[in-house]
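This is what each chain is made of:
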Amino acid sequence: MVTAVDTKCLPPEALFRRCDPAEFKFNTSAELEDLTEFVGQERALEAVRFGVGIRRQGFNLYLLGPAGTGKYASVSAFLQKRAAQEPPADDWCYINNFDSPETPHALKLPPGRGVLLRDDVHRLIDHLRSAIPSAFESESYRARKQVVEQELKDRQEKAFEEIQREAGEKDVALLRTPTGWILAPTRNREVISPEAFEQLPEPEHQRIEAAMSETQQKLQAVLHQVPKWQQEVREKIRALNDEVAAFAVGHSIEDLRKKHADLPEVVGFLDRIQQDVIANVDEFLTPPDNPLAALMGMFLPHAPKGPAFFRRYQVNVLVDHSANHGAPVVYEDHPTYQNLVGEIEYIAQMGALSTDFNLIRPGALHRANGGYLILDAYKLLVQPYAWDALKRVLQSSQIRIESLGQMLSLVSTVSLEPEAIPLNVKVVLVGERLLYYLLSSLDTEFGELFKVAADFEERMERNADSHLLYARLIGTIARQDALLPFDRGAVGRVIEQSSRLAGDAQKVLAHRRTLADLLREADYWAREAARPAVTAEDVQRAIDAQIHRADRLRDRLLEEFLHGTILVDTQGERVGQVNGLSVIQLADFAFGHPSRITARIRLGRGEVIDIEREVELSGPIHSKGVLILSGFLGARYAPDHPLSLSASLVFEQSYGAVEGDSASSAELYALLSALSGLPIQQSLAVTGSVNQHGQIQAIGGVNEKIEGFFDLCRNRGTLDGQGVLIPSSNIRHLMLRRDVVEAVQAGKFHVYAVETIDQGIEILTGIPAGERDASGRFPEGSVNQRVETRLIELAQKRLAAGRRILTETQL
Amino acid sequence: MSDPDTSHAIRRILVALDASPDSVAALEMAVDLAARMEAELAGLFVEDVALLRMADSPSAREIAYPAASQAPLNRAIMERKLRAQSEQIRNTLAAAAHRAQLRWSFQTVRGEVTSVLRTAAGQSDIVAIGRLGWSSGSRLRIGSTALELATSRIPLLLISRRAVLGNLRLAVYYDGSPASKSALLVTASLARPGAQGITVLVCTADYEKTLAEIRSLLQGRAIEVRYRRVDPDQKTSLLRAVKDEGAVLLVLADRQLLKDVESFEALLREVEVPLLLLGNGFGHEEADSSRQIVG
């Protein structure tokens, strides 16, 4: 009766794929070469090589995969290696636009020349600030200026003296005062008193009056001429100043022109400096202290880098590649809008905000221009305006710095519109797969700008070759992190654990961060034990410690089972009751536990009621699994008559949401038991989903589920033939704990692999499931025959009940 | 002839002010001197009666700066203008004195400018005046008031002019006379020890002997002294020397050059730095040898 059970019971070796240390020829990982390639990521690395190599617009990269798979490390190492072979990027500077200061010019220079030019110009201006005043203090300049000024004075004085002389001859006195010229009649060079003036005859009155009017007119004519003469003198002095300044400046600037003769833009810039210095030579002659500020007793802070006026000649080196030997590779870990495209800063002076081209600050795009820029996709997307800015820059292939304050109308002050800088950069976004798929579907521009996706694996194939590669990876990480070397046993145990974490005996984890953490913890325990190398024992201790730190909830749950608060039988038989298995995932730790699933049957219309779903505690996948059961039951047992049961299924003592279809086979077993009246052995637990044909399908978390039931059974005191039914397709995923394997080896615990419901029900009830014979009947006494019979009975009862109701209605 | 003595205590400095640029320069120099000698600063503004007389004339008029427009003029208007000018000058003086923490006074006197200044000079130890006033044309190079005072018996007359660039040196004309010895000692008293050197413009036949004499006179004073020979018959020689030395003040004993009034006046007109003139009343009189510059 139970022969079927024995044939499906898995041997211990199927439960755990060991990594035999004997297959390694090294003693410790220290003997192994460093691993420069990233194992298991061939597909992704090929995509990276392609994406980096292709120099077309829009062929930027998105590296997708879970965090910790080494996306950034691998692409960074790859790009560093490649960038070292490429020419260094150009320097970029912003310089004053002397015609329109609010639109500064961008200046491209060969690597290292930006700082050189900045220092040269700084020294030039420093020199001019002493050379120009010296030139203007020279004796020759003063003499020439004095000649010009004296010419004006002489001209004026001559004109006034002439008027004075003529006036005097006509008995008119002309006297200068602070407010003007006074005219008065005289006689014998003495001013006539009012009384004497009154006594003068009328003709004399008229003569004097005429003389005074004539003098007045002449005086006014000269006074009207004075501004014109002053203007002429100013122009002459200006010309003289220009000549002196040109001499002082030209000599100094000529050397710089020769030095930078290979760069026409720089020569043009120097020409503009020369013109501007000459035009503003007065600024070079002004004392450094602000006389206005001193007068007002106020402190006016100088703008950074010197007195405000001379800032116009500075060179703002935005990007300096003088120390770089290859193309830049930039990782911006805080990709805000400003950190990405640069910003224009302001300084506060006397309560007002002001700025100039010297306050333009570069962003990561400037620093990476001519090379590569790596960004974290999530960090980029959560920064306001950063994603849009990046797309805009990539689409236009130029960096245009726009102040956010201006853009959002938050700042109302004079701002700059710096000349855009041409952009040639390869952007590499690193992020989760979900973000990639969301961007692909929701952002139409994303596909245009990030044409190359490099998908990083979390797992890699496990075989002898990969074992050795993995050993080298362990050795590499150990060296990089200054860990103790790992002996071969430790390496084997790490690989086994990696396989367990991968959830597949045929795979190992390619999650570099998780691996590195395990190695560091194992190193800790090895050092605690004062060992020269990490052993398998240290690795196991690290694993145990990791689990112990995380399994508080598992322990509490287990206590509830043991105390009988949560009812799960691990012995005996029950009709319509089966132990299902589920997994709880808590961050990086997952554990399994059994749940009692029960089924009750009554006459009905063929519906299988999932109580979880009725109270909306069921996820869609779980509901789907339950609905499949109706399909299975109807097709197998009631093809020719109505399915006339009403079955209710429930996860007993489940107070939260249930999701997944891994319990659908267990629910079916409970139904079959309830229909057939055959009890199910409670020493067994079940996992696996089922399809409409009764085939058992693979589920996730198989190891945790088996161990969860094992732990409950063991903690109840005796292990006496308990076991778990799993789908056959999950055998390859088995990487069970050593104590479970040992219990199986001792025959105290069993793991059954089943492919169909029939195989499973046989194990659970100990009764053959039975197949239809040639006449289409199930063997008598088989599970299926009992189920079918029960369903037919229900159908007949329903039919009879229908007739009775009809008759009573007719009556 | 006894040794020259410069024991002339400077207690009061009179500065004649008319708000012209040169008079403001005179104020600045007077403030500097007063601060160093802890002297009182006395400002004087003269309401020129000549102007008032002109304003009395019924046909008098003013052509105002800068629009050359005609403005009415009478005594009341002129008096108001003079009062405003006086107030402005007083404020300037007060501000300067306050900055230098000086005792100061200010007086407005109506009269003929030169005679008022002569009278006031008698109560002061130094008179400071601008080289050119308002009524003087710049072609004159020195105004009539300054020129008249220069030839009067004012003990110490400072004729100032707008700021000149220089290296802070003081120049003094030395011909070996008692007057020039007094001028030398006055100059040495004015020089800031360690900060201001003096240049002696030597005009004697025996140059070496004169140098020894000067060194003897200046013995014990921590002053940097340079010597430069000038030709007594060549006015330009003196002017060139002053210029070359970059001096900011030339000290002269006026009697030295009064033998030739025309030459003296010509020198006053053409020298381009402020002048300090030791007049007849200063301590180089043989009978009066008890004065000393107390600085």
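Given the structure is predicted, the values throughout are model-derived calculations rather than measurements.

Asks: Is there a simple way to think about the overall build of chain B in this case?
Replies: Helix and strand content of chain B: 10 helices and 12 strands. Buried residues in chain B amount to 55% of all 295 residues. Here the analysis covers contacts within chain B between residues at least 6 apart in sequence; of these, 78% occur between residues at least 24 apart. With the model as given, the accessible surface of chain B reaches about 12,800 Å², and the carbon-plus-sulfur share is 48%.

Asks: Please clarify how the overall build of chain A should be interpreted in this entry.
Replies: Secondary structure summary: chain A contains 29 helices and 30 strands in total. Over its C-alpha trace chain A gives a radius of gyration of 48 Å, far above what one expects of a compact globule, namely 28 Å for 811 residues. If you line up chain A on its principal axes, its C-alpha atoms span 165 × 85 × 50 Å. Evaluated residue by residue, chain A yields a buried proportion of 51% over its 811 residues. In chain A, once contacts between residues fewer than 6 apart in sequence are set aside, the share between residues at least 24 apart is 77%. Surface summary for chain A: the accessible area is close to 38,300 Å², and the carbon and sulfur share equals 52%. For chain A, the centre of its 90 positive side-chain charges and the centre of its 112 negative side-chain charges are spaced 4 Å apart.

Asks: Which parts of the structure should I look at to understand the sheet that holds strand β26 (residues 684-686) of chain A?
Replies: Strand pairing within a sheet occurs via backbone hydrogen bonds; the two strands may be parallel or antiparallel. Residues and elements named next belong to chain A. The seven strands are arranged β23-β24-β22-β21-β26-β29-β30 in an open sheet whose pairing can be described as mixed. The open sheet has two edge strands with one neighbour each: β23 (607-610) and β30 (749-754). Strand-to-strand twist in this sheet, taken as the mean axis angle between neighbours without regard to direction, amounts to 30°. With four bridges connecting them, β23 and strand β24 (residues 645-651) associate as parallel partners. Bridged to Asp 610 within β24 is Leu 649.

Asks: How should the domain arrangement of chain A be read in this particular structure?
Replies: Interface size, as often reported, equals the accessible area lost upon joining of the parts. We note that the domain assignment places domain 1 (18-35 + 458-550), domain 2 (41-89 + 324-456) and domain 3 (556-774) within chain A. Look at where the C-alpha atoms of domain 2 of chain A and domain 3 of chain A centre, and you get two points 52 Å apart.

Asks: Just checking my understanding: could you explain the pattern of salt bridges for this structure?
Replies: Pairing is possible between side chains that carry opposite charge, provided their charged atoms lie close to one another. Residue and element names in this part refer to chain A. With the rule as written, the count across this model stands at 72 salt bridges over all chains. In this structure, Lys 391 and Asp 443 form a salt bridge, with 2.8 Å as the shortest nitrogen-oxygen distance. You can see Lys 391 sitting in helix α14 (residues 386-396) and its partner Asp 443 sitting in the loop between α16 (433-442) and α17 (446-449), a full 52 residues away along the chain. On the basis of relative accessibility, which here comes to 12%, the residue Asp 443 falls in the buried class.

Asks: Just to check I follow, could you spell out the environment of Asn 27 of chain A for this structure?
Replies: All names here are of chain A. Summarising the element assignment, Asn 27 is placed in the loop between α1 (3-8) and α2 (42-53). Judged by relative accessible area, Asn 27 falls into the partly exposed class, the value being 49%. Placed 459 residues apart in sequence, Asn 27 and Phe 486 show a C-alpha to C-alpha distance of 8.5 Å. Look past the residues within four positions of Asn 27 in its chain and what remains in contact with it is Phe 486, Asp 487 and Arg 488.

Asks: It is not clear to me how the domain arrangement of chain B should be interpreted in this structure. Could you clarify?
Replies: All names here are of chain B. Its domain assignment divides chain B into domain 1 (12-48 + 80-160) and domain 2 (169-270). Buried area between domain 1 and domain 2, summed over both chains or domains, comes out near 1,100 Å², and the portion from carbon and sulfur atoms is 60%. Our count for the domain 1 to domain 2 interface comes out at zero salt bridges. Here domain 1 is connected to domain 2 by one residue pair in polar contact (both at pLDDT 80 or more).

Asks: Help me out: how do you make sense of the interface of chain A and chain B in this one?
Replies: In this assembly, 34 residues from chain A lie in contact with 31 residues from chain B. Summing both partners gives a buried area of about 3,000 Å² for chain A against chain B, and 58% of it is carried by carbon and sulfur. If you sort the residues of chain A by the area they bury against chain B, Arg 176, Pro 178 and Ile 182 of chain A come out on top, with a joint share of 19%. In this assembly, chain A and chain B are joined by one salt bridge.

Asks: So what exactly am I meant to see when it comes to the packing of aromatic side chains here?
Replies: Residues and elements named next belong to chain A. Inspection of every chain in the model, using the stated rule, returns 22 aromatic pairs over all chains. With centroids separated by 5.9 Å and ring planes inclined at 75°, the aromatic side chains of Phe 309 and Tyr 313 adopt a geometry described as edge-to-face. Its end group placed over the ring of Tyr 313, Arg 312 keeps NZ or CZ at 5.9 Å from the ring centre.

Asks: Can you walk me through the pairing of strand β29 (residues 722-727) of chain A in this structure?
Replies: The side chains of a regular strand alternate between both faces of the sheet. Residues and elements named next belong to chain A. When you tally the buried positions in β29, you get six out of six residues, the bulk of the element. Residue alternation in β29 divides its side chains into two sets, Gln 722, Val 724 and Ile 726 and Gly 723, Leu 725 and Pro 727, and both sets are buried. Examined bridge by bridge, β26 and β29 share three bridges and lie parallel to one another. Across the sheet, the residue bridging to Ala 685 is Val 724, located in β29. The pairing of β29 with β30 spans six bridges and is classified as parallel. Along β30, the bridge assignment pairs Leu 725 with Tyr 752.

Asks: Please clarify how the packing of helix α22 (residues 552-562) of chain A against helix α26 (residues 702-715) of chain A should be interpreted in this entry.
Replies: The geometry of a pair of packed helices is captured by two quantities: the angle between their axes and the separation between those axes. Residues and elements named next belong to chain A. The interhelical angle for the contact between α22 and α26, taken along N-to-C directions, is 50°, at an axis separation of 10 Å. Looking at the two axes, α22 sits oblique to α26. α22 and α26 meet at a crossing whose hand is right-handed. Residues Arg 554, Leu 558, Phe 561 and Leu 562 of α22 form the contact with α26, whose participating residues are Asp 711, Leu 712 and Asn 715.

Asks: Just checking my understanding: could you explain the pairing of strand β16 (residues 426-431) of chain A for this structure?
Replies: Residues and elements named next belong to chain A. β16 sits mainly inside the fold: six of its six residues count as buried. In this sheet, β16 lies alongside strand β1 (residues 61-64) in parallel orientation, the contact comprising four bridges. When the sheet's bridge partners are listed, Tyr 62 is paired in β16 with Leu 429. Relative to β16, strand β13 (residues 372-376) runs parallel, the two being bridged by five bridges. Bridge pairing links Leu 375 to Leu 429 in β16.

Asks: Any chance you could explain helix α4 (residues 113-121) of chain B here in plain terms?
Replies: Since the α-helix advances by 3.6 residues per turn, residues separated by three or four positions end up pointing in the same direction. Residue and element names in this part refer to chain B. Among the residues of α4, those classed as buried are Val 113, Thr 114, Val 116, Leu 117, Ala 120 and Ala 121. The buried residues of α4 occupy one face: seen down the axis, they fall within an arc of 165°. Those residues of α4 that are buried lie in contact with β1 (12-16), β2 (40-48), β5 (104-111), β6 (126-130) and α5 (144-150).

Asks: I keep staring at the sheet that holds strand β11 (residues 247-253) of chain B and nothing clicks. Help me out?
Replies: All names here are of chain B. Across the sheet, 10 strands lie side by side as β5-β2-β1-β6-β7-β12-β11-β8-β9-β10; this open sheet has mixed pairing. Each of the sheet's edge strands pairs with one partner strand only, and the pair in question is β5 and β10 (225-229). Averaged over all pairs of adjacent strands, the angle between strand axes in this sheet comes to 20°, irrespective of strand direction. On top of the sheet, helix α3 (residues 75-100) reaches β2 and β5; it is set at about 160° to β5, its chief contact. Packing of α4 onto the sheet brings it into contact with β1, β2, β5 and β6, and relative to β2 it is tilted by some 155°.

Asks: Any chance you could explain the environment of Arg 229 of chain B here in plain terms?
Replies: Residues and elements named next belong to chain B. By the secondary structure assignment, Arg 229 is in strand β10. Each C-alpha atom of the pair Arg 229 and Val 251 lies 16 Å from the other, and the pair is 22 residues apart in sequence. Beyond its immediate stretch of four places on either side in the chain, Arg 229 contacts Val 202, Thr 204, Ala 205 and Tyr 207. At a separation of 3.3 Å, a polar atom in the side chain of Arg 229 contacts the main-chain carbonyl oxygen of Ala 205.

Asks: I keep staring at the packing of α2 of chain A against helix α3 (residues 71-84) of chain A and nothing clicks. Help me out?
Replies: Residue and element names in this part refer to chain A. Across the interface, α2 lies against α3 with an axial gap of 11 Å and an inter-helix angle of 40°. For the element pair α2 / α3, the angle class is oblique. Remark: the crossing between α2 and α3 carries right-handed chirality. Facing α2, whose interface residues are Leu 45, Val 48, Arg 49, Val 52 and Gly 53, α3 presents Ser 74, Val 75, Phe 78, Leu 79 and Arg 82. Its residues assigned to classes, the contact of α2 with α3 shows six nonpolar, two polar and two charged.

Asks: Sorry if this is basic, but what is going on with unusual backbone geometry here?
Replies: Both trends apply: most residues other than glycine have a negative phi, and most peptide bonds are in trans. Here the phi dihedral of Gln 653 of chain A falls at roughly 55°; this positive angle occurs in a residue that is not glycine. Note that Gln 653 of chain A resides in the loop between β24 and α25 (664-676). We note that Glu 38 of chain B has phi near 55°; this positive angle belongs to a residue other than glycine. Accessibility expressed as a relative area gives 68% for Glu 38 of chain B, which makes it exposed.

Rules behind the numbers
- Residues numbered from 1 in each chain as written.
- Chains lettered and ligands numbered in written order.
- Predicted model: local features only at pLDDT ≥ 70, side-chain atom pairs only at ≥ 80, totals over all residues.
- Heavy atoms only, no water.
- Helix = DSSP H or I, 4+ residues; strand = E, 2+ residues; numbered from the N terminus.
- Buried < 20%, exposed > 50% of the residue type's maximum accessible area, 1.4 Å probe, protein only.
- Contact = heavy atoms within 4.5 Å.
- Areas by Shrake-Rupley, 256 points an atom, 1.4 Å probe, with all protein chains shown as cover.
- Rg over C-alpha atoms; globule rule 2.2 N^0.38 Å.
- Lys, Arg positive; Asp, Glu negative; His and termini not counted.
- Charge placed at Lys NZ, Arg CZ, Asp CG, Glu CD.
- Pairing = 2+ DSSP bridges.
- Axes fitted to C-alpha atoms, helices over the stretch in contact; angles between N-to-C directions.
- Domains from an automatic or database assignment.
- Salt bridge = Lys/Arg side-chain N within 4 Å of Asp/Glu carboxyl O.
- Buried area = accessible area lost by both parts, 1.4 Å probe.
- Polar contact = N/O pair within 3.5 Å; in protein donor to acceptor, adjacent residues only side chain to side chain.
- Phe/Tyr/Trp six-rings, centres within 6.5 Å; stacked < 30°, edge-to-face > 60°.
- Lys NZ or Arg CZ within 6 Å of the ring centre and 35° of its normal.
- Parallel < 35°, antiparallel > 145°, perpendicular 65-115°, else oblique.
- Left-handed = near helix turned anticlockwise from the far one by under 90°.
- Arc of directions from axis to C-beta.
- Nonpolar A, V, L, I, M, F, W, Y, C, P; charged D, E, K, R; others polar.

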